[in-house]
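# Architecture at a glance
Residues per chain, in single letters:
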Amino acid sequence: MAGRQASTVLDFWFGALAPAQWFRKDPELDAEITRRFAATLAAARRGELWAWRRSPRGRLAEVLVLDQFSRHIHRDTGEAFAADPVALVLAQEAVARGDDAELSAHERAFLYMPYMHSESLVIHEEALRLFDQPGLEDNLRYAHRHREILSRFGRYPHRNAMLGRPSTPEELAFLERPGSSF
């Protein structure tokens, strides 16, 4: 099955895509990721990619599928965040094992991304520590911005509608500001 190898995921994300594409909303890219990797995401969510965890880069590929590809495949829906807890646990295990030390700065940034995506301030303290290293300065700035939002609201207000959560008047006012969502 296409996209079922960890190297296919990594080659696509770090080779075929330019860094500018990683965080940009692009319906064509979302459609391509869906076509190529929806079955891989489904397999990851069922725990079927466990063999990938035998290597640091394999574990990174599984985290990418669960954390990033899910956001492309399920854009603007609550389903985009459904695999976040599993991605976070996989990332935490990788960090605990020291696997992150074997990855490049770009790769580490994506291994750590589930920490930033968490709505837990406890997890964000660790995110700030992890992103505070050479080569991850831009990510550290974003981690601080994410933490400020969580400190203020206890959650990411831009997810509220997608997750069926009511927004407070303060959150609605915040969401009207340019750059309020990620």
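Residues numbered from 1 in each chain as written. Predicted model: local features only at pLDDT ≥ 70, side-chain atom pairs only at ≥ 80, totals over all residues. Heavy atoms only, no water.

## What to know about the nonpolar core
In this structure, F69, Y115 and F131 are the most contacted members of the largest nonpolar core, which totals 46 residues. Contributions of two or more residues to this core are made by helix 1 (6-16), helix 2 (27-45), helix 3 (56-73), helix 4 (84-97), helix 5 (105-117), helix 6 (121-131) and helix 7 (137-153). It is helix 3 that contributes the most residues to this core, eight residues altogether. Ignoring any residue separated from it by four or fewer positions in sequence, one finds Y115 in contact with L88, A91, Q92, V95, I123, H124, E126, A127 and L130. With five residues, the next largest nonpolar core counts I149, L150, F153 and F174 among its residues. (Core = buried A, V, L, I, M, F, W, Y, C linked by side-chain atoms within 4.5 Å. Buried < 20%, exposed > 50% of the residue type's maximum accessible area, 1.4 Å probe, protein only. Helix = DSSP H or I, 4+ residues; strand = E, 2+ residues; numbered from the N terminus. Contact = heavy atoms within 4.5 Å.)

## Here's the deal with the pattern of salt bridges
In the structure shown here, the tally under the stated rule is 18 salt bridges. Here E48 makes a salt bridge to R46, at a shortest N to O gap of 2.7 Å. For R46, a relative accessible area of 52% corresponds to the exposed category. The partner of E170 in a salt bridge is R152, with the nearest N and O atoms 3.3 Å apart. Here the residue E170 occupies a position in helix 9 (residues 169-175), and R152 occupies one in helix 7, the gap between them amounting to 18 residues. Residue classification places E170 among the partly exposed residues on the basis of a relative accessible area of 43%. Residues joined in a network through salt bridges with shared partners are D67, R71, D84 and R159. (Salt bridge = Lys/Arg side-chain N within 4 Å of Asp/Glu carboxyl O.)

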